[in-house]
Amino acid sequence: MENFFQPIRAALWQEPFTPGPVSDEWVQMHLQQGTATLVFPLVPMTQEMKSVCVRNIQEQVKLQYTLVKAWKALEAAGIEAVLMKGAGIAALYQEMSMRHWSDIDLFVGKEQYHPACAVLRETFPDALKFDEELDHYKHYNLIPDGVSIEVHRVTVALTHPRDIRLYAKMEEFGRAHSERLSVNGLEVKVFEPTFNTLLIFLHSWEHMTTEGACIRQLCDLAMLINHYNEKINWPLLELWLKQLNLLEIWYLYANILVRSLGLTIRTLVNDSEMTRKRAERLLEAMMERPAEFVRSETASAVGSEKKNRFVRKWRTMKERMAKAEKLAVYSPSYARHVKWAIWLSGLKRLFAPDRHWE
């Protein structure tokens, strides 16, 4: 595993690096983990590896063009957007091309959600449109010229009612205190650093509990912390993590950032033996992709339309409870919290008409 992380640390922190033999397995691991464009330029590249890097640069030109067009259209309409994740994080790397980003995420909030969707449909009339513009969806999606734009009404979809209420206040804080950032010459807004740190962490953890997280997301978190360390309100971040029952999970991420990625900032880090063991387990699960506890619910849903509605929803709830139980290997307290959320959401689903719930 050291052979995998050494070039990542060298790229992130501009450290000296002497490349060793590059195997097909090494190349595939970096492709799967989203770190290929970060480390490939550090080693003698095959034609295939060069093609990956060149294609990434070409895609970013198209993405940048689309971002400028979308951003200016929203500005002209008086809609205040915040650039999330991808391009805003890539701008923190030594070179934007080091961080692959494949879509554009724009947070507009609930009040501006429908007007923003309308503006972008008018701006990109020929775009493909896949998601319905519904108030219980996290975002609306349209694809002009192969570039995916996600218009977010919320940044993260949570299930526990208390989490939703608390997170909405955190999200509003991040938006109200947003900062300016230049992305290839385009002046955009990004979230306040404390909230942005929470969001990037939550985004990775959300992936971890569904289809599986990747190491690129950890690199993003490391670069964000390194860049904004002096601006991050660490006591406030700790409070938020406690309120969302995620502090134990954060400690696992922080442990990986320090021990594997070489982050030197050690604020809000727990070095206990239990934390290290759980962090190692989490890292192994990330490297496996998909995560060890993730199991698709699709198979059990096949033919479920023919089954009793109550039985179908009860089975779905049981499957989600079983998945939540597996989270206990990382944080027993968080697993209990998730179970409560599943029970609350499940009861609503059982006794309410069919629909998607946040």
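Up top is the structure these notes are about.
As a starting point, this report considers the structure included with it. (Residues numbered from 1 in each chain as written. Predicted model: local features only at pLDDT ≥ 70, side-chain atom pairs only at ≥ 80, totals over all residues. Heavy atoms only, no water.)

For the rest of this paragraph, the subject is helix α9 (residues 215-228). Between the first and last C-alpha of α9 there are 20 Å, a value that for 14 residues agrees with the 20 Å anticipated at 1.5 Å per step. Extensive coverage of α9 is indicated by the burial of eleven of its 14 residues. Considered for burial, the residues of α9 that qualify are Ile215, Gln217, Leu218, Cys219, Asp220, Leu221, Ala222, Met223, Leu224, Ile225 and Tyr228. (Helix = DSSP H or I, 4+ residues; strand = E, 2+ residues; numbered from the N terminus. Expected span 1.5 Å × (residues − 1). Buried < 20%, exposed > 50% of the residue type's maximum accessible area, 1.4 Å probe, protein only.)

A rise of 1.5 Å per residue sets the reference length of helix α7 (residues 161-176), with its 16 residues, at 22 Å; its end C-alpha atoms lie 23 Å apart and thus fit the reference within 8%. Residues of α7 that are buried: Asp163, Leu166, Tyr167, Met170, Glu171 and Gly174. All buried residues of α7 lie within an arc of 145° about the axis, which places them on one face of the element. Counted as exposed and oriented over 90 degrees from the buried face of α7: Arg165, Lys169 and Ala176. (Arc of directions from axis to C-beta.)

Counted by the stated rule, this structure contains ten salt bridges. Two residues, Glu2 and Arg9, come together in a salt bridge whose shortest N-O distance is 2.4 Å. On the basis of relative accessibility, which here comes to 47%, the residue Glu2 falls in the partly exposed class. Residue classification places Arg9 among the buried positions, given a relative accessible area of 15%. Across the pair Asp220 and Arg99 runs a salt bridge whose closest N-O atoms are separated by 2.5 Å. Here Arg99 lies in the loop between α5 (86-90) and β2 (103-107) and Asp220 lies in helix α9, a separation of 121 residues in the sequence. (Salt bridge = Lys/Arg side-chain N within 4 Å of Asp/Glu carboxyl O.)

Another point: the packing of aromatic side chains. Per the counting criterion, the structure on display carries 13 aromatic pairs. Centroid distance Phe201 to Tyr253: 5.0 Å. Interplanar angle 90°. Geometry classified as edge-to-face. Note that Phe201 is positioned in helix α8 (residues 193-208) and Tyr253 in helix α11 (residues 247-259), a separation of 52 residues in sequence. Each member of the pair Phe201 and Tyr253 is classed as buried. (Phe/Tyr/Trp six-rings, centres within 6.5 Å; stacked < 30°, edge-to-face > 60°.)

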